[in-house]
Each structure stands twice: as C-alpha cells, then as structure tokens.
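Geometric and topological summary
Now for the letters of each chain:
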Amino acid sequence: MSNSPEGVNTVLAPSATRTQTGTTDPGLVGLVPKRVGGAQNKPWMPRIWSGIVLSAWLRLLWRNRFRIAPSRIPMALVITFLATFVNSPLGFLQRCIYGRRIRRTKISPEPIFVVGHWRTGTTFLHELLVADPRHASPTSYQCFAPSHFLVSRSWLGRLAERLAPRQRPQDDMPFSLESPQEDEFALCNLGAPSPYLTIAFPNHPPQDQEYLDMEGLSRFQIERWKRKLLHFLQSVTYASGKRLVLKSPAHLGRIRVLLEMFPDAKFIHIYREPLTVFASTMNLWRRFYRDQGLQRPTYAGLDTHVLETFNRLYRAFDRDKSLLGPRQLAEVRFENLVADPLTELERIYRELDLGPFDLARPAVEKLLESRKDYKPNQFDLAPEIRKKVHDAWGWFAVRYGYPTIDPDA
C-alpha cells in the first residue's frame, strides 16, 4: 500500500458488511474490517461499570429511564450488586482509612497530559512515557475501581485479574489491570458527568457532550467536575509518589479547565492521518457499545457523531492552546512516532523540559521490543464514507500535512 494511510486499505468497499452471525451490522455501513484484533467478549469479563458507586449507578439508570434491553438485564443486575455491596462499602472504608492522607497529598510535579483524538496513538505514547521510572499513571484497576483501589487491589484485584481479558477489546494491544488507563473511566465510576456514559445507553442521544469542551457549564458544574478529578489524582499520587502521566482523548477540549487546576502542567498533542482515525474510532465505539452497553445498539448516527465530536474537540483545542507557555506544549505526528520513537521522545523531553531522556531510554527500549510484533487493525472504506470524512475533516488533512482525502480513491 504505497500511498495508503497506515492501517486503512483504500480499496472500494460494499455499503454494508456481515457480522460473524451473518446479519447486517448497521454500525459498519461503508466500513468493512479486513483485519480486526481485540479480545472476544465473554459473559464473565468485568465491565467498565463494575467499579461504579451506587449513587452514580442509580443516577445513570434513572436518567435513562431504566431502558435496559432484556438480554442485558443480567449485566445490570451484576453491576447493581457490585455497586451496592462492594464498591460503595469499600469506598466508605477507603475514605475512613485514607481520606485525610489523600486530601493532604500534593500533586507535584504537575501532570503530563497526553491529548489527542481517539485512535491517534494516545495509548502508545502514554505507555512510552509511563515506562520512564520517574513517571506513573492511573492503572486499569485504579480507573475501574476508583473509590476503593487502595484497600482492595491486593485481594479483589487478584480475582479481577483472573476474569479480565489479555487484550483490549478494540485492537491487539496487551491489557492488564496494571496497564496505564484513561482517567475518564474513573470519573464515570465516581459519578462525574462524562461523554463516556453514552456507552451505557448507546441508543439514546449522546450524553454529557458539554463536558467535551466544558462549554455552557455553570461554575458550580465545572468546580464539581474538578473536585472529582482532583480527588482521584490525589489518590493515585498517594499510591505512587511519582509524577503522573494522564491520557484521555476528551482532555483535548479541556485545556483551559485543566490549566485552572494545574497551571504548570505539560501537554503532548498527538495526531494521525484522518481516514485511519475515522475507521478505527468507528470500530472502537461499535465494540464498546456492543460489549459494555445496557442496550442492543443500533449504531444510528454513529458516523455523524464521530465526525462532529472530532471537530468540536479541535475547536476547543484551537481556542485554548494559546494559553500554554513555550515549554508546556509539544506536538507529535503518530507516523513519525512509530517510525522513530526514541528520537521523537527525546525531542518531546527536550521541548517540555522533562529531564534527561537517557534515564528513561532503557525502559522505553524494552517496551518497544515487546511491541515489535503488534499488528494494527485494517478496514476498507466505501466512497460515501470517504466523502463524509473529506467534507468534515479535510481541513485537518491540510493543516497537518496529510494527503488530501480523495472520496473516489
């Protein structure tokens, strides 16, 4: 594929594909997987809501009028049991034992934020940065059990490890409960508003979209959201004692609010060829909706949602990035990071004044060796999908120097 974007074959595709059961999957109209990795869904796997506190769980159900598909009722009952008899009681225990110490914990140095749209390589960059022995990140267990991980990791975490998959659901990236994870999942489980709550009820209108760019929110709503995030980050800092590296694609549109919390924070913006981003993001949400949702998803309007969310995030990013100082923002092209990760990381360390990269190099090289056989997902895109991406994201291709998207290629 000499001129094709990495991970996307531009051969023309039919307008729909067939799932393994032979039924048409409307979530993949115009998007045909050629190679898609990821863990297969199993009934016993922990869900991203398995660590949610009871008040947040009941609020989510009430907000969506308990419109749970019959086939998802067992999942809902298990999560209700965990929220009632595990998460909330253990959360109370953690507050009793560690509450004062957590509140007194200082987050210093201030965090490094990896920002970029979903499927732009944020996870890869996140893991490379966390390989540095001076850095830490919220782990998957901490994000999926944010209210009680300090008191439960040593015993409940062992059970969860036996049930958890060994790969992420959306690709072949390795997964474990100690893997670096997105703090957005912790916010969901602690009861903070988040666009990720859409995953639970995917057939309803997207939820909490104003928390993508923090526009239209009252000062009270913003401060409440900040308190949830700060408490979680203090808990993680108390556990690790290291500088935090945080990754959430939604943070791309929240720079202004994050700077209110951490004026000296560092930001690394990663970007990628748009056709690849679109195809992979569609697959991401399709898998999350199917495996984690409380409804049988129809995927209606998913392509439009993906296109609009991308532009909304970048409008906010463009609005706020001028607030960052000269040593607060570094940008990296995904394709360059993959081609020469050590050189790109060394440049980022230098631009952001993160200290000598040589201290991180051995661990980074070891991580890269373990990822050398990774194979990305591949999709075919139909002409009508390519045209939609061209119309919505053509400006991005021009700005960041990617080939113009040709709908008829």
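Above: the structure in question.
Residues numbered from 1 in each chain as written. Predicted model: local features only at pLDDT ≥ 70, side-chain atom pairs only at ≥ 80, totals over all residues. Heavy atoms only, no water.

Our next topic: helix 15 (residues 383-399). Taking 1.5 Å of rise per residue, 17 residues should cover 24 Å, and helix 15 covers 23 Å from first to last C-alpha, within 8% of that figure. What helix 15 keeps buried is the set Ile385, Arg386, Val389, Ala392, Trp393, Gly394, Phe396 and Ala397. Buried-residue contacts for helix 15 involve strand 6 (266-271), helix 10 (274-292), helix 11 (302-320) and strand 8 (378-381). Count one or two residues on from helix 15 and you reach Gly401, which has phi positive near 75 degrees. (Helix = DSSP H or I, 4+ residues; strand = E, 2+ residues; numbered from the N terminus. Expected span 1.5 Å × (residues − 1). Buried < 20%, exposed > 50% of the residue type's maximum accessible area, 1.4 Å probe, protein only. Contact = heavy atoms within 4.5 Å.)

Turning our attention to the environment of Arg243. The residue Arg243 is located in strand 5 (residues 243-247) in this model. Put simply, Arg243 and Pro111 are 132 residues apart on the chain and 6.1 Å apart in space, counted from C-alpha to C-alpha. If near-sequence neighbours (up to four positions away) are discounted, Arg243 is found in contact with Pro109, Glu110, Pro111, Ile112, Arg134, His135, Ala136, Lys266 and Leu354. Here Glu110 takes part through its backbone oxygen, which lies 2.7 Å from a polar atom of the side chain of Arg243. (Polar contact = N/O pair within 3.5 Å; in protein donor to acceptor, adjacent residues only side chain to side chain.)

With that settled, the discussion passes to the nonpolar core. Counting residues in hydrophobic clusters, the biggest one holds 89 residues, and the most contacted among them are Trp49, Trp57, Trp225, Phe267, Trp285 and Trp393. Among the elements that take part in this core, helix 10 stands out by supplying nine residues, more than any other. Beyond its immediate sequence surroundings of up to four residues, Phe267 is in contact with Phe113, Val115, Ile255, Leu258, Leu259, Leu324, Gln328, Leu329, Ala330 and Leu352. Ile112, Leu342, Ile348 and Leu354 belong to the second largest nonpolar core, which has 25 residues in total. (Core = buried A, V, L, I, M, F, W, Y, C linked by side-chain atoms within 4.5 Å.)

Moving on, we come to unusual backbone geometry. Here the bond from Ser108 into Pro109 is cis, since omega is -5 degrees, no more than 30 degrees from zero. Along the chain, the position of Pro109 falls in the loop between helix 2 (73-104) and strand 3 (112-115). Residue Asp353 is not a glycine yet carries a positive backbone phi of 55 degrees. Structurally, Asp353 can be placed in the loop between helix 13 (341-352) and helix 14 (361-370). When its relative accessible area of 53% is taken as the criterion, Asp353 is described as exposed.

Read these as geometric descriptors, not functional statements.
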